[in-house]
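Analysis of the macromolecular model
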Amino acid sequence: MAEKNGILLESGTNELEIVEFEVNGSKYGINVIKVKEIIQPTPVIPIPHSHQYIKGIIQLRGEVLPVIDMRQVLGSAPIEKNTQEKYIVSEFNQQKVVFHVDNVSMIHRVSWDQIEKPSDMYQSQHTKVIGVIKRSDEMLLLLDFESIILEINPETGINVGMVKKLGPRERSEKKLVVAEDSPLLRQLLSDTLKEAGYDQAEFFENGRDALSYLESLTADGSEIKEHVQLVITDIEMPQMDGHHLTRRIKEGQQLKHLPVVIFSSLITDDLKHKGNKVGADDQISKPEINQLIQSIDRLIL
C-alpha cells in the first residue's frame, strides 16, 4: 500500500500521507507508512488477564497478531458491532499490531508544517495526541501509537538496562542535539543518554526548532562542531519531520559535516532508502538504544 503512493517514494519533502479513521465520532490519523493493510474485522480469541486495551488475538496469513481496541485506548464506551468497523494492520517498532477502529474514511496528503503540537493545557508526558491538523470544518488528531504500545508492554520501550550491558562509560564532553516530539520518549532518551555518558544533550520537540537552534550557533561564522557534535532525530514530528531536517542539515553550508542519526520506529529495510537519500549518517530502529549509543560512539568519539 505505502510504496504505491508517489509521495512516499520521495525523501525530505516534509510531507506525509495520513489514513483518517474514526473512534466515537472523533477523527484521528495514522501515518500511511505504518499501515500494512486495512481489513474487515475477523473473530478475535480473547486472552485471559491481558492488558485492558487488548481485545485478543487473530491469525492473519499465518501470523498471530494482537488486536488493540482503540475505544478502550481513547476512553470511549464499547458499542454494539457496526458494519463500518475496520482493522488497521500496522507495523512499526519492528512489530505488527492490529488497531480496531469504528471506521476508516480517507487518506490525506499534508505537510508537517500544517500539524500543530497539542496545547500545553491538555498535553502531558502521557498524552496520546501528538499533533493536531486543522481542516476547514474539522480537526484531525494524530496519535502517539508508540506510546500506546509502550503502555501495553513496557518491555518494547527504551531500556536503560540495555546501555548498562555495554559496560562502564566515561563522561563525554560531546554535545548532542535531539529532535523528538514525544514527551515520554524525550525523558527516556535523556535518562539513557546520561547513563551512556552523554549528559550534554539539548532536546527539541520538532525538527524546525532544532534546525533554528543549529543555524543560530553558526550565525557568527563559527564552526558548528565547536558547539554540537551530533544530531539525533525522530522522523514523525509536527512542523518539520526528521527526513526534512536531515536534508536541510546536509544541504547547509555551515551544517553539512554534522553527523545525523535517525532514530525512529519507521526504520525498516524497505524504508531505509529514504534516510540514505537525505544523507543520514546512520539509521536505528526504536527501541534499539544500545545500537544508537554504539553509533554515536563510532561517529564522534
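Anything mentioned here points back to the structure above.
All of the points below concern the structure found in this document. Note that the coordinates shown come from a computational prediction; the quantities given were computed from them, not determined experimentally.

A look at the overall build of the protein
Helices and strands together make up the secondary structure of the protein, namely eight helices and 16 strands. Rg of the C-alpha trace for the protein: 20 Å, near the compact-globule value of 19 Å for 301 residues, within the 12% margin. In terms of overall dimensions, the protein has C-alpha extents of about 65 × 45 × 40 Å along its principal axes. The 301 residues of the protein split such that 52% are buried. Restricting the contact set of the protein to residue pairs at least 6 apart, pairs at least 24 apart contribute 65%. A total of about 14,000 Å² of accessible surface is found on the protein, and carbon and sulfur atoms cover 47% of it. The average position of the 34 basic charges and that of the 46 acidic charges among the side chains of the protein differ by 2 Å.

So, the sheet that holds strand β8 (residues 103–111)
Pairing is mixed in the open sheet, where six strands are placed in the order β8-β1-β2-β11-β10-β9. Only two strands of the sheet have a single partner each, and these edge strands are β8 and β9 (115–116). Looking at chain direction, strand β1 (residues 15–23) and strand β2 (residues 26–31) are connected through six bridges and run antiparallel. Residue pairing in the sheet places F21 in a bridge with Y28 of β2.

What about the packing of helix α4 (residues 183–195) against helix α8 (residues 289–300)?
Between α4 and α8, the least distance of the axes is 11 Å, while the angle of their chain directions is 55°. Taken together, the axes of α4 and α8 lie oblique to each other. Between α4 and α8 lies a crossing whose hand is right-handed. Contact with α4, carried on its side by L189, T192 and L193, involves I289, L292, I293 and I296 of α8 and no other residues of that element.

Quick word on the sheet that holds strand β12 (residues 176–179)
Across a sheet, strands are paired by hydrogen bonds formed along the backbone, either parallel or antiparallel in direction. One open sheet holds the five strands; their spatial order is β13-β12-β14-β15-β16, and the pairing between them is parallel. Since the sheet does not close on itself, it has two edges, and those belong to β13 (201–204) and β16 (282–285), each with one partner. The average angle at which neighbouring strand axes cross in this sheet is 20°, direction not considered. Judged from the four bridges that link them, β12 and strand β14 (residues 230–233) form a sheet pairing that is parallel. Directly across from A179, in β14, lies its bridge partner T233. Contacts between helix α6 (residues 242–251) and the sheet are confined to β12, β14 and β15 (260–264), with β15 contributing the most and set at about 180° to the helix.

Focus: the side chain of S264
With respect to the helices, strands and loops of the structure, S264 is situated in strand β15. Of the polar contacts made by the side chain of S264, one reaches the backbone nitrogen of L266; its length is 2.9 Å. Aside from chain neighbours lying at most four places away, what touches S264 is D234, I235, I284, S285 and K286.

Some words on the environment of R109
Secondary-structure assignment places R109 in strand β8. On a C-alpha basis, the gap between R109 and E17 in space is 4.4 Å, while along the polypeptide they are 92 residues apart. At 3.1 Å, the side chain of R109 and the side chain of E15 are in polar contact.

Points about the environment of G242
Position of G242 relative to the elements: it lies in helix α6. G242 has contacts with T233, D234, I235 and M237, leaving out every residue within four places of it along the chain.

Some points on the pairing of β12
On β12, burial covers both faces: L176 and V178 on one face and V177 and A179 on the other are all buried. Bridging between β12 and β13 involves four bridges; their strand directions are parallel. Residue pairing for β13: V178 is matched across the bridge by F203. Regarding the hand of the β-α-β motif, the stretch spanning β12, α4 and β13 is right-handed.

Here's the deal with the side chain of H108
Within the secondary structure, H108 is located in strand β8. Judged by relative accessible area, which is 6%, H108 ranks as buried. Of the polar contacts made by the side chain of H108, one reaches the side chain of E20; its length is 2.4 Å. If we skip the residues at most four places from it in the chain, H108 touches L16, E17, I18, E20, R135 and L140.

Quick word on α8
Compared with the 16 Å implied by 1.5 Å per residue over twelve residues, the 17 Å span of α8 between its first and last C-alpha is a close match. Three or more residues of α8 are buried, namely I289, L292, I293, S295, I296, D297 and I300. Packed against the buried residues of α8 are α3 (160–164), β12, α4, β14, β15 and β16.

Definitions and limits used
Residues numbered from 1 in each chain as written. Predicted model: local features only at pLDDT ≥ 70, side-chain atom pairs only at ≥ 80, totals over all residues. Heavy atoms only, no water. Helix = DSSP H or I, 4+ residues; strand = E, 2+ residues; numbered from the N terminus. Rg over C-alpha atoms; globule rule 2.2 N^0.38 Å. Buried < 20%, exposed > 50% of the residue type's maximum accessible area, 1.4 Å probe, protein only. Contact = heavy atoms within 4.5 Å. Areas by Shrake-Rupley, 256 points an atom, 1.4 Å probe, with all protein chains shown as cover. Lys, Arg positive; Asp, Glu negative; His and termini not counted. Charge placed at Lys NZ, Arg CZ, Asp CG, Glu CD. Pairing = 2+ DSSP bridges. Axes fitted to C-alpha atoms, helices over the stretch in contact; angles between N-to-C directions. Parallel < 35°, antiparallel > 145°, perpendicular 65-115°, else oblique. Left-handed = near helix turned anticlockwise from the far one by under 90°. Polar contact = N/O pair within 3.5 Å; in protein donor to acceptor, adjacent residues only side chain to side chain. Right-handed = clockwise from strand over helix to strand, strands pointing away. Expected span 1.5 Å × (residues − 1).

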